[in-house]
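# Reading the structure
Residues per chain, in single letters:
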Amino acid sequence: MGARVRRKPRSISITSGKGGTGKTTLSANLGIALATLGKRVTILDADLAMANLALIMGIHQIRTSFLDVLKGKAKVEDAIHENYGVRVIPTGFRFEEVQETLSGVDHARVRRVVEEILGDTDFLLIDAPAGIQDATLFSIASAREMLPVCNPTYTSLVDVYKVIRFANVMGAWTRGLVVNRAGKRAEVPADEIEDFLKRTLERMGVIAQIPEDPKVQEAELEGVPVVVYDPDCSASAAIHELAEVIVGKAEPSYLRETKAVKETTDRLVRVLTGRT
Ligand SMILES: Nc1ncnc2c1ncn2[C@@H]1O[C@H](COP(=O)(O)OP(=O)(O)O)[C@@H](O)[C@H]1O
Ligand SMILES: [Mg+2]
């Protein structure tokens, strides 16, 4: 019947308490994973001070950047660069330019630019700066959802907790926490993180655990995103799984686990009582 109804585009801000948790790595690779699922994806580099998304996405020639668009000097479409089936909107590198632009930019303009990008994409991933600074506020405010990323350390967990609370106040929906660089040698084990979340944020769980994987840095040295460099390594597999959870093709592991436990207890009860 009739024309296909287009689903609302989703904007997701990828955020953390401190730098170096893996936001840019996740933005790039999750973007490619979502594109593999047939989604139209745009990734915006909103980490104006770091601005390394383009590099990770193998884009070396930046004609027009997000800064030019914010300054009103260029159209959004001029700042769109494409690689690996994903659109990337990079930010300029020059520190002075970033300072100058940020001090003069107004919130309404950011919103307008973001709305325009959303008009032509299924997913907008925003590679956000760390912490709760003004630029972070921008990216949280422009995004309807937030995907917080932390590492399995106590300090990272406490820092990301503050950002999540903040995002909730700003009205961004947080489905779950991504624990990146997880593994046996982690300072905080996975069940402890789950427990912490349950006690503090109640309805939020760990949406994905991306293992510590040497392939991530190997790929980075080669200048290729890890899901392209080695699609089958453990980090790539976890990122593809997260993409499926995000589009609704799979459930997050915390729900799967509680379901499995429930099924086991249900079965036991049936066996013991003979009732269904
Ligand atoms: N799962 C992982 N396993 C191993 N190294 C990782 C993993 N995720 C990220 N890294 C490394 O951590 C560093 C920081 O990642 P990056 O994405 O730049 O963080 P951020 O954008 O949050 O500052 C990079 O050198 C990256 O290769
Ligand atoms: Mg980064």
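A brief structural summary. None of the values given here were measured: they were computed from a predicted structure.

## Observations regarding the site of ligand 1
Around ligand 1, the surrounding shell holds 17 residues, and the nearest of these are Gly22, Lys23, Thr24, Thr25 and Val216. Of all the secondary-structure elements, those providing two or more residues to the shell around ligand 1 are helix H1 (23-36), strand S8 (176-182) and helix H9 (214-222). When grouped by side-chain class, the residues that make up the shell around ligand 1 number three nonpolar, nine polar and five charged.

## Quick look at the nonpolar core
Leu125, Ile126, Val178, Ile239 and Leu242 are the most contacted members of the largest nonpolar core, which totals 67 residues. Beyond its immediate sequence surroundings of up to four residues, isoleucine 126 is in contact with Ser11, Ile12, Ser13, Ile14, Leu44, Ala46, Ser139, Ser142 and Ala143.

## Notes on the pairing of strand S2 (residues 41-45)
Burial analysis of S2 places five of its five residues in the buried class, which makes it a mostly covered element. Where S2 and strand S5 (residues 123-127) come together, five bridges link them in parallel fashion. Pairing of valine 41 across the sheet is with phenylalanine 123, part of S5. Of the strand pairs in this sheet, S2 and strand S4 (residues 86-89) are connected by three bridges, and their pairing is parallel. Paired with threonine 42 across the bridge in S4 is arginine 87.

Definitions and cut-offs
- Residues numbered from 1 in each chain as written.
- Chains lettered and ligands numbered in written order.
- Predicted model: local features only at pLDDT ≥ 70, side-chain atom pairs only at ≥ 80, totals over all residues.
- Near = placed C-beta within 6 Å.
- Helix = DSSP H or I, 4+ residues; strand = E, 2+ residues; numbered from the N terminus.
- Nonpolar A, V, L, I, M, F, W, Y, C, P; charged D, E, K, R; others polar.
- Core = buried A, V, L, I, M, F, W, Y, C linked by C-beta atoms within 7 Å.
- Buried ≥ 20, exposed ≤ 12 C-beta atoms within 10 Å, placed from the backbone.
- Contact = placed C-beta atoms within 7 Å.
- Pairing = 2+ DSSP bridges.

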